[in-house]
Amino acid sequence: MSRIELSGLTKDYGSTRALNSIDLDVADGEFIVFLGPSGCGKSTLLRMIAGLAEPTAGEIRIDGHDVTDLPPRDRRLAMVFQSYALYPHLTVAKNVAFPLRARSVRRAEITGRVERVASSLALTELLARRPAALSGGQRQRVALARAMVQEPGAYLMDEPLSNLDARLRSATRTELVDLHDRIGATFLYVTHDQIEAMSMATRIVLLDSGHVEQVGAPDELYDQPASTFVAAFLGAPPMCLFDAVVASENDRMVVRAPGIHLPIDLPTPAGGYAPHEVTAGIRPERMVLDPRGQIAAEVLTVENVGSDEVLHLRAHTTTLQARVRRPTARAGDHIRLSVAAGDIHLFDRSSGRRLQWKPDTSTTRENTLIRQGAAS
Ligand SMILES: Nc1ncnc2c1ncn2[C@@H]1O[C@H](COP(=O)(O)OP(=O)(O)OP(=O)(O)O)[C@@H](O)[C@H]1O
Ligand SMILES: [Mg+2]
């Protein structure tokens, strides 16, 4: 059981800032996923929490104690690496027992703990083998067993599934979620795979170039992205983003772009509304084929993704994608689409931050009615 608090955590490599002042409060028993593109600082962050890399600035507290300067073994954390890092010359049993031996735990207790963990991860039959005689998934379970046997307060995992094939990855994902539910420990898990993040996390921490872009439950990030970066990172395909103008027409608020003219869920201000340049966003799966839809588009290409197809579209000069049931359309078709007013996201054109409708009481300037949303 561990509560983990990071404050102002910063890491420089020479003149490169890999992480910039990370603040995060992880409650006991959470499953936190650090998600972000390659090089954004995920591994660096995990290694600092584990005690394997020294912060340039900031503080790490575990259960209220400052551990920033403590060695890894005094943090009650266990780390699972992408490469498994098993000892090739040791049997599975000895690999799993290794961290306990290093701590001089009594032999009888080691045997008992190794057997218990092996049984819970279906490794009992494999205890006498060496890593070379195991499949990738089995090696992965051994690495996990070696972490579990330490009964840590928190598990730190850096892309632990990336060496597995798709089927095994999906099965192991389920196992990890079960394990988390069963033991109730805190999990800090690094991945750049959004499916892993969406399906396992209680909260996702989305990182970009060394800073936290958004923290929240998976559906919060998906449904209320704080920025165009978040909107474009999540989803397959990600949210369509395009330059647009918000304007008032006949007492209704609309979003306009070349080939697009959609009513949106915003009240019309009494004093009129001057057009406002924004970046608009629509999730491809929220586009609905509709003969009376307000978007008229030409299908450029059709991508078969199994259950669905992704239509790559051009509406006048605006490019869009729609994810629809297969089969629906062919290249060259002219189709119409509708989008519910609540499915249109608005972002500030220059900062990329989400815009929220907040009636402004301090001024009557119309354009201040759309305000930058809090970076929640
Ligand atoms: N030992 C190091 N020396 C210098 N720069 C480093 C070192 N380790 C990491 N970096 C740099 O710090 C940044 C963050 O690296 P990090 O390994 O944390 O990224 P990551 O998010 O884990 O990426 P990936 O998804 O590719 O594993 C990168 O720009 C990387 O080049
Ligand atoms: Mg990494």
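Check the entry above for the structure.
Notes on the structure follow. Sequence positions are assigned chain by chain, starting from 1 and proceeding in written order. Chain labels run from A onward and ligand labels from 1 onward, assigned in the order the entries are written. In view of the model being predicted, local features appear only for residues whose pLDDT reaches at least 70, and side-chain atom pairs are presented and counted only at 80 or more, with totals across whole chains, interfaces and linings using the full set of residues. Calculated side-chain values reflect all of the structure's heavy atoms, with hydrogen atoms and water omitted.

Let us now look at the overall build of the protein chain. We count a stretch as a helix when DSSP gives it H or I for four or more residues in a row; a strand needs E for two or more, and each element gets its number in order from the N terminus. Counting its regular elements, the protein chain contains eight helices and 22 strands. Its C-alpha atoms put the protein chain at 80 × 50 × 35 Å along the principal axes. Contacts in the protein chain between residues far apart in sequence, at least 24 positions, make up 64% of those at least 6 positions apart. A total accessible area of about 17,700 Å² is found for the protein chain, and carbon and sulfur atoms account for 48% of it. Taking the average place of the 43 positive charges on the side chains of the protein chain and the average place of its 45 negative ones, the gap between the two points comes to 7 Å. Any two residues whose heavy atoms approach within 4.5 Å are treated as being in contact. The protein chains shown are the only cover counted for residues, whose accessible areas, like all others here, come from Shrake-Rupley with a 1.4 Å probe. Under the counting rule used here, the positive set is Lys and Arg, the negative set is Asp and Glu, and His together with the chain ends is not counted. A charge is said to be at NZ when it belongs to Lys, at CZ for Arg, at CG for Asp and at CD for Glu.

What makes a residue near a molecule or strand is one non-hydrogen atom of that residue sitting within 4 Å of it. Every residue lining ligand 1 is accounted for by Tyr-13, Ala-18, Pro-37, Ser-38, Gly-39, Cys-40, Gly-41, Lys-42, Ser-43, Thr-44 and Glu-159. Between an oxygen atom of ligand 1 and a main-chain N or O atom of Cys-40, the distance comes to 3.2 Å. Within the side chain of Ser-43, one N or O atom sits 2.8 Å away from an oxygen atom of ligand 1. A total of 640 Å² of accessible area belongs to ligand 1 in isolation, and the protein chains cover 56% of it. Here the element with the most residues in the shell around ligand 1 is helix 1 (residues 42–50); it accounts for three residues. In the analysis that follows, any N or O atom pair within 3.5 Å is treated as a polar contact, provided that within protein one partner can donate a hydrogen and the other can accept it, and provided that, for residues neighboring in sequence, both atoms belong to side chains.

Before going further, it helps to examine the pattern of salt bridges. Basic side-chain nitrogens of Lys or Arg form a salt bridge, by our definition, when they fall within 4 Å of a carboxyl oxygen of Asp or Glu. Counted according to the given criterion, the structure contains 15 salt bridges. Residue Arg-3 is joined to Glu-5 by a salt bridge in which the shortest nitrogen-to-oxygen separation is 3.4 Å. Residue classification places Arg-3 among the partly exposed residues on the basis of a relative accessible area of 37%. Salt-bridge contacts for Arg-113 lead to Glu-109; the nearest nitrogen and oxygen are separated by 2.8 Å. Note that Arg-113 and Glu-109 are positioned in helix 3 (residues 107–120) at a spacing of four residues, about one turn of the helix. Linked by salt bridges that have partners in common, Arg-3, Glu-5, Asp-25, Glu-59 and Arg-61 make up one network. Here the term buried applies to any residue with accessible area under 20% of the maximum for its type, exposed to any over 50%, and partly exposed to those in between, with areas from a 1.4 Å probe on protein chains only.

With that out of the way, let us pick up the sheet that holds strand 7 (residues 154–158). Strands are labelled as partners when DSSP assigns at least two bridges between them. Strand order in the open sheet made by the six strands is 6-7-8-3-9-10, with mixed pairing throughout. Across the chains shown, the open sheet's two edge strands, defined by having one partner strand only, are strand 6 (77–80) and strand 10 (211–216). Sheet twist, expressed as the mean angle between neighbouring strand axes with direction ignored, is 15°. Direction of pairing for strand 3 (residues 31–35) relative to strand 8 (residues 186–191): parallel, over a ladder of five bridges. What sits directly across from Leu-35, in strand 8, is Thr-191. Under this scheme, a helix contributes an axis fitted over its contacting stretch, all axes are lines through C-alpha atoms, and angles between N-to-C directions fall in the 0 to 180 degree range. Here helix 4 (residues 136–148) sits on the sheet in contact with strand 6 and strand 7, set at roughly 170° to strand 6. Contacts from helix 5 (residues 166–183) reach strand 3, strand 7 and strand 8 within the one sheet, and its direction differs from that of strand 8 by about 160°.

Under the convention used throughout, the expected extent of a helix is 1.5 Å for every residue step, that is, one less than its residue count. The end-to-end C-alpha distance of helix 3 is 20 Å, a good match for the 20 Å that 14 residues give at a rise of 1.5 Å each. By the burial criterion, the buried members of helix 3 are Ile-110, Arg-113, Val-114, Val-117 and Ala-118. When helix 3 is viewed along its axis, its buried side chains cluster within an angular range of 130° and face the same direction. Of the residues in helix 3, the exposed ones pointing more than 90 degrees away from the buried face are Ala-108, Arg-116 and Ser-119. It is the directions from the helix axis to the C-beta atoms that the arc portrays.

Turning next to the packing of helix 2 (residues 92–102) against helix 4. The contact between helix 2 and helix 4 brings their axes to 7 Å, and the two run at 35°. In terms of crossing hand, the pair formed by helix 2 and helix 4 is right-handed. Where helix 2 abuts helix 4, its residues Val-92, Asn-95, Val-96 and Pro-99 lie against Val-142, Ala-145 and Arg-146. Three classes are used, and their members are as follows: Ala, Val, Leu, Ile, Met, Phe, Trp, Tyr, Cys and Pro are nonpolar, Asp, Glu, Lys and Arg are charged, and the others, Gly among them, are polar. Looking at the contact of helix 2 with helix 4 residue by residue, the classes come out as five nonpolar, one polar and one charged. It is the rotation of the near helix from the far one that decides the hand of a crossing: anticlockwise by less than a right angle makes it left-handed, clockwise makes it right-handed.

This part is about the sheet that holds strand 12 (residues 252–257). Strands sit in the order 13-12-11-14-20 across an open sheet of five strands; the sheet is antiparallel. Here the strands that pair on one side only, and so sit at the sheet edges, are strand 13 (260–263) and strand 20 (344–348). In this sheet, adjacent strand axes meet at a mean angle of 40° when their direction is disregarded. Pairing of strand 14 (residues 276–282) with strand 20 involves five bridges; the strand directions are antiparallel. When the sheet's bridge partners are listed, Ile-282 is paired in strand 20 with Ile-344.

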